[in-house]
Amino acid sequence: MTRRQRGFTLTELLVGISLFSIMAAAIAAFQTVLLHNQGRMMRGALLDDTATLIGIALRRRLATASHVQSPIPGAASPALTVWDNLDPADGLSPLVGAEPVRFAHFCADAAGRLFLYEGSFRPLPSFGCGADPPPGSTRMALAGDSTGRLRVSALFNRPPGESNVIQVQYQVALSADPDGRFAAVSRRTQFVLRAVKG
């Protein structure tokens, strides 16, 4: 009578290792695809969120604006300046004497960042886009980053003969990944705003 051996033969062990390797490779490939798709979705969400944030900021400021200073009618500019409580007839007097006159100035700099300056100066002080705000005013970076990977370009157009209508176009772009895993993507947004108090 022969005794049965316990354990695996070399052939059985090699077959088992081969099956495990194939399954591990399939799982790794599946996970890589999932992570790549998640990265693409996160990049798309970043663009959508940034474009939405810019649109909300513009709409809020124009909803309370009484006067559009720039761009002038018939011109387009990468900057937009609107005023709250400023009489559009003369551009100097407050509409309501007891209320402050405030400005909101949107501008896109050469590095692809979009800023919002706000304050209560008359006339609007001179400063460069992206520069420190004048005393008594604030600067908020709405979009873009210091690396230049997330860039914003904006164009504000004021149709001829329109006092408080602004055509807004902006594009939010995310450059390609340095590793080459993700291609460059962008979102373009266009809409028309009207200063409601004007």
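Throughout what follows, the structure given in this document is the object of discussion.

Each value, and the rule that gives it
Residues numbered from 1 in each chain as written. Predicted model: local features only at pLDDT ≥ 70, side-chain atom pairs only at ≥ 80, totals over all residues. Heavy atoms only, no water. Pairing = 2+ DSSP bridges. Helix = DSSP H or I, 4+ residues; strand = E, 2+ residues; numbered from the N terminus. Axes fitted to C-alpha atoms, helices over the stretch in contact; angles between N-to-C directions. Core = buried A, V, L, I, M, F, W, Y, C linked by side-chain atoms within 4.5 Å. Buried < 20%, exposed > 50% of the residue type's maximum accessible area, 1.4 Å probe, protein only. Contact = heavy atoms within 4.5 Å. Expected span 1.5 Å × (residues − 1).

**Examining the sheet that holds strand β7 (residues 150-158)**
As a general point, the strands of a sheet are linked pairwise by backbone hydrogen bonds and lie either parallel or antiparallel. Spatial strand order, β2-β7-β8-β9: four strands in an open sheet with antiparallel pairing. Looking at strand neighbours, the two that pair on one side only are β2 (75-77) and β9 (185-194), the edges of this open sheet. The sheet shows a mean angle of 15 degrees between the axes of neighbouring strands, taken without regard to direction.

**What about the nonpolar core?**
In this structure, L58, L80 and Y170 are the most contacted members of the largest nonpolar core, which totals 29 residues. For this core, the secondary-structure elements that each account for two or more residues are α1 (10-64), β3 (79-84), β4 (102-108), β5 (114-119), β6 (138-143), β7, β8 (165-174) and β9. The element best represented in this core is α1, accounting for six residues. With sequence-adjacent residues up to four places away left out, L80 is seen in contact with L58, L62, V68, S70, P71, A104, H105, F106, F156 and I166.

**Here's the deal with α1**
Given a rise of 1.5 Å per residue, 55 residues ought to cover 81 Å, and the 81 Å separating the end C-alpha atoms of α1 matches this to within 8%. Listed in full, the buried residues belonging to α1 are G39, R43, G44, L47, T50, A51, I54, G55, A57, L58, R61 and L62.

Any link to function would need more than the numbers given here.
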